[in-house]
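# Structure at a glance
Given next are the chains, with one letter for each unit.
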Amino acid sequence: MLTLEDCLGLCELDENEIMAIAEHEHVPEIVALEMAQYLVHLPEGTVVIKRMILDDIQHARENNNLAHAEALQNALKHFIDTHPESKPLRHD
């Protein structure tokens, strides 16, 4: 049986990016991992993932959870650095 850690090793996103997708979609981490791996191979999939992380950052800021917003901002930076095709969408 594969563990979440095994699956993360096979995924093109890191754990923080997967957690952001899980938060955005209100799904378990393993489901978010599967979604992420699917999306990253779609023509506009990285833009969709980036939008999810941006939405999470906005939500954290609106709820005055600045530490979480900063962690998500770091996840976003890593995502953009590793998936430069996501850059067309403006981010703050």
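Please refer to the structure placed before this passage.
What comes next concerns the included structure. Everything quoted here is computed from the prediction, not taken from an experiment. Starting afresh in each chain, residues are numbered from 1 along the sequence in its written order. In view of the model being predicted, local features appear only for residues whose pLDDT reaches at least 70, and side-chain atom pairs are presented and counted only at 80 or more, with totals across whole chains, interfaces and linings using the full set of residues. No hydrogens and no water enter the side-chain calculation; it runs on all heavy atoms of the structure.

### Describing the overall build of the protein chain
Looking only at helices and strands, the protein chain features five helices and zero strands. Secondary structure elements in the protein chain, listed N-terminal to C-terminal, are α-α-α-α-α. Each radius of gyration reported is based on C-alpha atoms, and the globular scaling rule is 2.2 Å times the count of residues to the power 0.38. For the protein chain, whose C-alpha radius of gyration is 13 Å, the value lies close to the compact-globule estimate of 12 Å for 92 residues. Taking the principal axes of its C-alpha atoms as reference, the protein chain extends roughly 40 × 25 × 20 Å. Buried means the residue's accessible area, taken with a 1.4 Å probe over protein chains only, is under 20% of the maximum for its type, while exposed means over 50%, and partly exposed covers the values in between. Per-residue burial for the protein chain yields a buried fraction of 36% across its 92 residues. Whether two residues are in contact is decided by their heavy atoms, any of which lying within 4.5 Å being enough. Within the protein chain, contacts between residues at least 6 apart in sequence are counted, and of these 53% link residues at least 24 apart. Segments assigned H or I by DSSP are reported as helices when at least four residues long, segments assigned E as strands when at least two residues long, and all are numbered from the N terminus.

### Remarks on the environment of Val-48
Summarising the element assignment, Val-48 is placed in helix α4 (residues 45-62). Here the alpha-carbon distance between Val-48 and Ala-36, two residues 12 residues apart in the chain, equals 9.7 Å.

### Focus: α4
Over its 18 residues, α4 extends 26 Å from the first C-alpha to the last, a length consistent with the 26 Å expected when each residue adds 1.5 Å. Those residues of α4 lying buried are Gly-45, Thr-46, Val-47, Ile-49, Lys-50, Met-52, Ile-53, Leu-54, Asp-56, Ile-57 and Ala-60. Asn-64, located one to two residues past α4, shows a positive phi value of around 55°. An expected span of 1.5 Å times one less than the residue number is assigned to each helix.

### Considerations on the nonpolar core
Counting 24 residues, the largest nonpolar core has Leu-13, Ile-18, Ile-21, Leu-33, Ile-49, Ile-53 and Leu-76 as its most contacted members. Where this core is concerned, the elements lending two or more residues are α1 (4-10), α2 (15-25), α3 (29-39), α4 and α5 (66-82). Sort the elements by how many residues they give to this core and α4 lands first, with six residues. Not counting residues up to four positions away in its chain, the partners in contact with Ile-53 are Ala-20, Leu-72, Leu-76 and Phe-79. Take the buried Ala, Val, Leu, Ile, Met, Phe, Trp, Tyr and Cys residues and link them wherever side-chain atoms come within 4.5 Å; each set so joined is a nonpolar core.

### What to know about the side chain of Glu-17
Structurally, Glu-17 can be placed in helix α2. If we ignore the near neighbours within four places in the chain, the residues touching Glu-17 are Ala-75, His-78, Phe-79 and Thr-82.

### As for α2
Of all the residues in α2, the buried ones are Glu-17, Ile-18, Ala-20, Ile-21 and Ala-22. Where α2 is buried, its residues touch α1, α3, α4 and α5. One side-chain oxygen of the residue at the start of α2 lies 3.1 Å from the amide nitrogen of Asn-16, identifying that residue as Asp-14. In the stretch just after α2, His-26 is the one whose phi turns positive, near 55°. What qualifies as a polar contact is a pair of N or O atoms within 3.5 Å, subject to a donor-acceptor requirement within protein and to the restriction that residues adjacent in sequence count only when both atoms come from side chains.

### With respect to the pattern of salt bridges
Close approach of charged atoms lets side chains of opposite charge pair. For this document, the term salt bridge refers to a Lys or Arg side-chain nitrogen within 4 Å of an Asp or Glu carboxyl oxygen. Taken as a whole, this structure holds two salt bridges when the rule is applied. As a salt-bridge pair, Lys-77 and Asp-81 come within 2.9 Å of each other at their nearest N and O atoms. Of this pair, Lys-77 and Asp-81 are both found in helix α5, four residues apart, which corresponds to roughly one turn of the helix.

### Observations concerning a negative patch on the surface
Patch criteria: residues need more than 30% relative accessible area and no salt bridge. Like-charged residues are merged within 9 Å; nonpolar side chains of Val, Leu, Ile, Met, Phe, Trp and Tyr are merged within 5 Å. In short, Shrake-Rupley with a 1.4 Å probe defines the accessible areas, and a residue's cover is counted only from the protein chains shown. We count Lys and Arg on the positive side and Asp and Glu on the negative side, and we leave His and both chain ends out. Every charge is mapped onto a representative atom, which is NZ of Lys, CZ of Arg, CG of Asp or CD of Glu. A cluster of acidic residues, Glu-5, Asp-6, Glu-15 and Glu-29, forms a negative patch on the protein surface. In this structure, Asp-6 sits in helix α1.

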